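Now for the letters of each chain:
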Amino acid sequence: MVQKMVALIKGKKIRMRVKFCEFSRCGLLRTVSLSSALLLAACATQAPPEGYSPDPEADPKAVISPGKNTSPAVLDLLERARVASRAGENQKAEAYLERAIRIEPRNPALWHYMAKVHLYGGRLQKAQGLAAKSNSLAGKNVRLRSDNWRIIAHAKQGLGDKNGARAAQDKANALAASMGGQ
Amino acid sequence: MARRVTRKRRRGSRRVAKKRTHNRRWWHHWKRGLAICLVLLLAYVIYLDVLIRIKFEGKRWALPAHVYARPLELYRGAPVSRTEFQLELDKLGYRLAYQVKESGSYARSGARFDLRTRGFGFWDGNEPAKTVSIWFKDGEVAQVHTKDTGNEIHLLRLDPMFIGGIYPDKHEDRLLVKLDETPEWLPKALVAVEDRNFYQHHGVDLKAIARALWANVRAGATVQGGSTLTQQLVKNFFLSNTRSLWRKANEAVMAVLLELHYDKNEILEAYINEVYLGQQGKRAVHGFGLASRFYFDKSLAQLDLPQTVTLVALVRGPTFYDPRRHPTRLRERRELVLDIMLEQGVISTAQANKAKQANLRVIPNPPLGITPYPGFMDLVRRQLRRDYRKQDLTSEGLRIFTTFDPVVQHHAEQALKKHINRLDRARKLAGHLEGGAIVTATTGGEVLALVAGRRPQFAGFNRVLDARRPVGSLIKPAIYLTALQRADQFNLVTMLDDSPITIQSDSGEEWTPANYDKESHGTVPLFVALTRSYNQATVRLGMELGVDKVVENLRALGLDRQVAPYPSLLLGATSMTPYEIAQIYQTFAAGGFRSPLSAIREVLAANGEPLQRYSLDVAQAVDPVTAQVLNSALREVLRHGTGTSAVRLLPAAGDFAGKTGTTNDLRDSWFAGFGSDRLAVVWLGSDDNRPVGLTGASGALAIWSDTMQRVNAQPLELTAELEVEVTKIDPETGLRAPAGCVSAAELAFSKGTLPREKGGCASDQEESLPERTGRWFRKWLH
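Nothing here was measured: the structure is a model prediction, and the numbers come from that model.

**A look at the domain arrangement of chain B**
Residues and elements named next belong to chain B. For chain B, the assigned domains read domain 1 (71–159), domain 2 (168–357), domain 3 (390–464 + 577–619 + 641–717), domain 4 (472–573) and domain 5 (722–782). Summarising the inter-unit geometry, the C-alpha centres of domain 1 and domain 3 are found 28 Å apart. Examining the composition of the side of domain 1 that touches domain 3, we find that four residues originate from one element, helix α2 (residues 82–92), more than from any other. Looking at side-chain class alone, the side of domain 1 that touches domain 3 contains three nonpolar, two polar and three charged residues.

**Some points on the packing of helix α5 (residues 108–120) of chain A against helix α7 (residues 142–158) of chain A**
Working note: a packed helix pair is described by the angle between its axes plus the distance between those axes. Residues and elements named next belong to chain A. Closest axis-to-axis distance for the α5/α7 pair is 11 Å, and the angle between their directions is 25°. Considering their axes alone, α5 and α7 lie roughly parallel with respect to each other. Read as a crossing pair, α5 and α7 show a hand that is left-handed. Of α7, the residues touching α5 (which contributes Pro 108, Ala 109, His 112, Ala 115, Lys 116 and Leu 119) are Leu 144, Asp 147, Asn 148, Ile 151, His 154 and Ala 155.

**Remarks on unusual backbone geometry**
Negative phi characterises most residues that are not glycine, and trans characterises most peptide bonds. All names here are of chain B. Its identity as a non-glycine residue notwithstanding, Asp 138 has a phi of 50°, on the positive side. Tracing the backbone shows Asp 138 in the loop between β8 (131–137) and β9 (140–146). Owing to 7 C-beta atoms within 10 Å, Asp 138 belongs among the exposed residues under this scheme. Of note, the phi angle at Asn 712 is positive, near 55°, even though the residue is not glycine. By the secondary structure assignment, Asn 712 is in the loop between α22 (700–710) and β31 (724–729).

**Re the packing of helix α4 (residues 90–103) of chain A against α5(A)**
Residues and elements named next belong to chain A. It is the contact of α4 with α5, at a shortest axis distance of 10 Å, that shows an interaxial angle of 160°. By the angle class used here, α4 and α5 are roughly antiparallel. Crossing of α4 over α5 shows left-handed handedness. For the pair α4 and α5, the contacting residues are Asn 90, Ala 93, Glu 94, Leu 97, Ala 100 and Ile 101 in the first and Leu 110, Trp 111, Tyr 113, Met 114 and Val 117 in the second. Of the residues contributing to the contact of α4 with α5, the split by class is nine nonpolar, one polar and one charged.

**A few points about the pairing of strand β1 (residues 65–68) of chain B**
Residues and elements named next belong to chain B. Neither face of β1 is open: one carries Ala 65 and Val 67, the other His 66 and Tyr 68, and all of them are buried. Pairing analysis gives four bridges linking β1 to strand β11 (residues 162–166), with the strands arranged antiparallel. The residue bridging Ala 65 from the neighbouring strand is Ile 166, located in β11. The pairing of β1 with strand β15 (residues 399–402) spans three bridges and is classified as parallel.

**Considering the sheet that holds β8(B)**
Residue and element names in this part refer to chain B. Reading across from one edge, β3-β4-β5-β8-β9 is the order of the five strands in this open sheet, with mixed pairing throughout. This sheet does not close on itself; its edge strands, each paired only once, are β3 (95–96) and β9. Pairing geometry for β8 and β9, over six bridges, is antiparallel. When the bridges of β9 are listed, Trp 135 appears paired with Gln 143.

**A short note on the interface of chain B and chain A**
Listed per partner, the contact involves 23 residues of chain B and 26 residues of chain A. Taken together, the elements giving at least two residues each to the side of chain B that touches chain A come down to β26 (610–613) and β27 (619–620) of chain B.

Here is what the cut-offs are and how they apply
Residues numbered from 1 in each chain as written. Chains lettered and ligands numbered in written order. Predicted model: local features only at pLDDT ≥ 70, side-chain atom pairs only at ≥ 80, totals over all residues. Domains from an automatic or database assignment. Helix = DSSP H or I, 4+ residues; strand = E, 2+ residues; numbered from the N terminus. Nonpolar A, V, L, I, M, F, W, Y, C, P; charged D, E, K, R; others polar. Axes fitted to C-alpha atoms, helices over the stretch in contact; angles between N-to-C directions. Parallel < 35°, antiparallel > 145°, perpendicular 65-115°, else oblique. Left-handed = near helix turned anticlockwise from the far one by under 90°. Contact = placed C-beta atoms within 7 Å. Buried ≥ 20, exposed ≤ 12 C-beta atoms within 10 Å, placed from the backbone. Pairing = 2+ DSSP bridges.

In structure tokens form, the structure reads like this:
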């Protein structure tokens, strides 16, 4: 009985991830940015999500850095969130990020990381809201805005809003293109 | 002869045999009887054993849910002033000490605090006890170091304040404490005074009984008891006042049984939580945890030696030694207890002498509830009830970590009390003026403080959650938002008609709303109609947009029930609670993102496993650009509109946004407003709905601005959004104002909609004295 349930839950998870993969493969993601690459990696290996690191140098895959003025307290929490997330303790990672957001509520990168954690956790509605919030604080950070739109595209796709997903992806691509040869 | 002898012998032996048989039979019966008795006795003992174990386990595991405030996080730049930090330490019961050695002690010199933290096992990580130095500067934390090595600590989390428990519905409350949470003298004093052989005996102390008997015989009355702590615990479990040998025997047996099953510390802990220590009406005060609240309004861990000994002295007879009625008796008894402690070597002579000198310091009126924050606890209870069965809440020993900020609560309570008392006197309301306030964090909608009335310590009518009152002009931002969402039709300078309007309902009734100053103002820019709260222009606008569209927006903003779309809704005839208003304004404050107001962060099971996290929930309800545009107009309310008087208590008021609300006959006075980090909603009125003679500006606004000033709320920021442009607008014409124009409004526009045309500056024109007075009067009245 229990085994059956576990299998069922696992099956669900796998199906959800496959959806992301199909979506990624279907050509909507023309620019393969880190976040989507990570998602693909998550599909294939079921590895815990990565992508936020207090020090971009330490993790070559990280694109979005938490900003120059990020306080040591927040960096400390981000590091803890990263470790927790690596260990598969997503609830803890979430809690650390929330503490970080309480300290720097106007730091758009923190909202972005939070959106990612929820996206990986399959809480698409929340991920979408958090990515939009990050965008509203992102100002001129085009890379961050592009990545946020990509999260929104994934979430909308998962929620069955194909047109919305395409529109969001177009925005992400347009922003990415505006960055030029970066 | 021989025969006779033989016969005799035979007769004799027969008699002996008969007797033997008789004896044997008797012995047999006796044995059987004894066996039956033994079996019965054994059964009885087993029965007692089961009874006492059920009782003990039941008491031990009937743990209430423990509710904690948010833990204070300290880091360089944390917005905590040294006064607030001092307040936090007081609330947490940290003790001022010359040398910082023990956990929970601190020393202070100027802007520097040295302290030994208590350490706490949070579910997301253990926060070990540390000895640290913290410096404060300009209202924030300047540095956090470890005291010995001087290394910087990036992030330090204090232990969270315990704010109350959620208990079963009985006339009996508990504040359960763990043995290691009690003051160190408490167990020692109890053992010394009540049962000095506690750690040696097996439940019953025969020597003590003999000693007590001898003392009683000599005195000719009961002067001394020989009961052990274990026997007293059993007695307290069954609370019967009959003095009989049978009961005494039962108690003794059960005491021995308890000792067989549980170790000494478990028994002592149960005793500390069980013993009867006072009475208030129907409510029995059991346990030292509750008694400490009841007599000193402090948590048990906060008590010093004389206070701890006072409670120990009470054990012998809480009624006889009632400190509120017989303080001298109690002082004598306390002296005796201190002498015994000295004699047993528990305390030094100096400690004993000092403690004897100390006053009782018992508070005259016991607090009514077991929490100092019944208003907020009420909210916690409701949110839990939504998600848990009542049974689980009261029996599982949950640990609930809330969003409650005791420092913000303190400030909000002080501001509310101060101004309600002042306004009540000024309006001659004879104590009828009531109010409620709620403060939230704009990020994520965490409720930081909730003041349910002017006497916030009293549990009772929760005005923030339950006082549903007409909201007046607080509704207007929802109407103007509906307009601004139609960006092709409206922006902040669209001219609106403020001429009189009459609306006919389906039943043929006519409704002619009027402006507060009974005047019409011709055509006015949209933002002026909002900031000066013109009713005629608003009703015209609302009717054009459609009342049902406004209702739809209210729902999107976070109102979670249906309201009827009558035209009178446009002037706030609909009733809402301050909590519901906070939910709606939260969405404005968060730049268009809706988060359900929440009081709880995490719920943990008794073993520390997280059962539920209430994670940050953010959904876009309004386009962030439109929200910024609206917020810039709401900021004008405090700069040039109905809320200008806020500046008296909040010097930076012009950088905050909000709205006044006033209802017919001045029955309700509202203000809802926010900066970048804090939102507060204040309501004032009377419970019986009588007029209180206050507008939003003359009543609630004062409390709002005082609260925001006290909590050091940060000003609104409008700049992050790329699609927004900010410019100065002349309020008379709605055209761009020249630089340096004082009366100009600083408004936000969605990119590309900025008015091009330049106009004059209204404040440059000479105003006649009557005009100026009229303007001042109008502002003051709203």
